[in-house]
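# Observations on chain architecture
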Amino acid sequence: MAFPELGLRVRDVQDRIDAAQMRGGHGQTVRLIAVTKTHGPDAVNAAAACGVADVGENKVQEVLDKMQVVSAAVRWHFIGHLQRNKTKAAPHFALIHSLDSVRLADALQAAAAQRDRVQNVLVQVNVAGEEQKSGVAPAEVEALAAYIAGLPSLRVTGVMCMAPYTDDEVTLRHAFSGARAALGTVRAAGHGEAHELSMGMSNDYEVAVEEGATLVRLGTVLFGARN
Ligand SMILES: *Cc1c(COP(=O)(O)O)cnc(C)c1O
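Residues numbered from 1 in each chain as written. Predicted model: local features only at pLDDT ≥ 70, side-chain atom pairs only at ≥ 80, totals over all residues. Heavy atoms only, no water.

Each helix and strand counted, the protein chain has eight helices and eight strands in total. Overall, the C-alpha framework of the protein chain stretches about 45 × 40 × 30 Å when taken along its three principal axes. Among the 227 residues that make up the protein chain, the fraction classed as buried is 51%. The contacts of the protein chain with a sequence gap of at least 6 include a subset with a gap of at least 24, amounting to 60%. Here the protein chain has roughly 10600 Å² of accessible surface; of this, 49% comes from carbon and sulfur atoms. Side-chain charges in the protein chain split into 22 positive and 25 negative, and the spacing between the mean points of these groups amounts to 5 Å. (Helix = DSSP H or I, 4+ residues; strand = E, 2+ residues; numbered from the N terminus. Buried < 20%, exposed > 50% of the residue type's maximum accessible area, 1.4 Å probe, protein only. Contact = heavy atoms within 4.5 Å. Areas by Shrake-Rupley, 256 points an atom, 1.4 Å probe, with all protein chains shown as cover. Lys, Arg positive; Asp, Glu negative; His and termini not counted. Charge placed at Lys NZ, Arg CZ, Asp CG, Glu CD.)

What follows is about the packing of helix 5 (residues 141-149) against helix 6 (residues 169-188). With their axes 8 Å apart at the nearest point, helix 5 and helix 6 run at an angle of 40° to one another. When the interaxial angle is binned, helix 5 and helix 6 end up oblique. Here the hand of the crossing between helix 5 and helix 6 comes out right-handed. Contacts from V141, E142 and A145 in helix 5 reach A182, T185 and V186 in helix 6. (Axes fitted to C-alpha atoms, helices over the stretch in contact; angles between N-to-C directions. Parallel < 35°, antiparallel > 145°, perpendicular 65-115°, else oblique. Left-handed = near helix turned anticlockwise from the far one by under 90°.)

Moving on, we get to the side chain of H39. Turning to its location among the elements, H39 is positioned in the loop between strand 1 (31-35) and helix 2 (41-49). Once you skip the residues sitting within four places of it in the chain, H39 turns out to touch F3, E62, K66, F223, G224 and R226.

A few words now on the layout of surface pockets. Counted as a void, the largest pocket has a volume near 580 Å³. Lining of the largest pocket is provided by 28 residues; of these, K37, N58, I79, M162 and M201 occupy positions nearest its centre. For the lining of the largest pocket, the residue count by class is ten nonpolar, twelve polar and six charged. (1 Å grid on protein atoms, 1.4 Å probe; cavity = no way out; pocket = protein on both sides within 12 Å on 5 of 7 lines; lining within 4 Å. Points joined across faces, edges and corners; volume = space filled by probe spheres on them. Nonpolar A, V, L, I, M, F, W, Y, C, P; charged D, E, K, R; others polar.)

Before going further, it helps to spend a moment on the site of the ligand. Every residue lining the ligand is accounted for by V35, K37, I79, M160, M162, M201, S202, R217, L218, G219, T220 and R226. Within the contact set of the ligand, an oxygen atom lies 2.7 Å away from a side-chain nitrogen or oxygen of K37. Bound to the protein, the ligand loses 91% of the 390 Å² it would expose on its own. Judged by its atoms lying within 2 Å of the grid points, the ligand is housed in the largest pocket. Looking at the shell around the ligand residue by residue, the classes come out as six nonpolar, three polar and three charged. (Near = heavy atom within 4 Å. Polar contact = N/O pair within 3.5 Å; in protein donor to acceptor, adjacent residues only side chain to side chain. Sits in = over half its atoms within 2 Å of the grid points.)

Most often, soluble globular proteins keep nonpolar side chains buried together rather than apart. Core analysis: the largest hydrophobic core is formed by 66 residues, its most contacted members being W76, L108, V216 and L222. In terms of residue count, the dominant contributor to this core is helix 6 (seven residues). The residues touching L108, leaving out its near neighbours within four places in the chain, are L82, T87, A90, I96, L99, V121 and L154. Core analysis: the second largest hydrophobic core is formed by five residues, I33, L95, L122 and M160 among them. (Core = buried A, V, L, I, M, F, W, Y, C linked by side-chain atoms within 4.5 Å.)

Covered by surrounding structure in strand 2 (residues 54-57) are D54 and G56 together with V55 and E57, the residues of both alternating faces. Here strand 1 pairs with strand 2 via two bridges, running parallel. From the neighbouring strand, A34 faces strand 2, where its bridge partner is V55. Read from strand 1 through helix 2 to strand 2, the crossover connection turns out right-handed. The sheet contact formed by strand 2 and strand 3 (residues 75-78) spans four bridges and is parallel. (Pairing = 2+ DSSP bridges. Right-handed = clockwise from strand over helix to strand, strands pointing away.)

Now for the environment of R31. As for its position among the elements, R31 is in strand 1. The partly exposed category is assigned to R31, whose relative accessible area is 30%. The spatial distance from the C-alpha of R31 to the C-alpha of I79 is 15 Å, given a sequence separation of 48 residues. Not counting chain neighbours up to four residues away, the residues in contact with R31 comprise D54, R75, H77, E196, T214, L215 and V216. Within the structure, the side chain of R31 is placed 2.9 Å from the side chain of D54, a separation counted as a polar contact.

Printed below as a string of structure tokens:
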């Protein structure tokens, strides 16, 4: 069997998530997304067999190939940077975590409308202003959210952020609490139902959950290091 330790790892992660959720005191429900990028379809099937029904991918062609052969019923999350010329594939995704521009919003609106579908999206915010990362600056969240509120085929269900890669807790908490503030901005800008905070990766998910994460995106801690 592929990934023989996955069941134990999922249980350990869930225990840590539960403990962090209690410590944080935000009272949120936390869902685990297994990030299966670079692994084969067997990783997706193994996650599903361990009760993880949400998987995250960051390359459109890679995920379309996996969708062809994965038998398990999972929700596919797109967590990478989405190019506008790839938005035709968007309706395959339960949630797109990386909406960060008006132009991408327009393209996603067109793709969803063509399929008569409402597309769930998260606004990606770059709290720390890291140049190499996607996402809008906190000061731009309100304008983008207000613009999307006028697009009938998109539904903003929350905010996504990637913290700087560091062990420094102050830096991490600043990023995650900034994302939580951005969620408040999104709600006030016409998306009153938005409630998801997609934040936390293998190295920082416990802090993210303490700060209110509802979706954690974990790859390495479940499947081991990627090549
Ligand atoms: C790869 C990736 C993850 C998972 O990272 P790990 O450190 O392996 O847990 C989470 N989120 C995004 C956006 C990613 O690209």
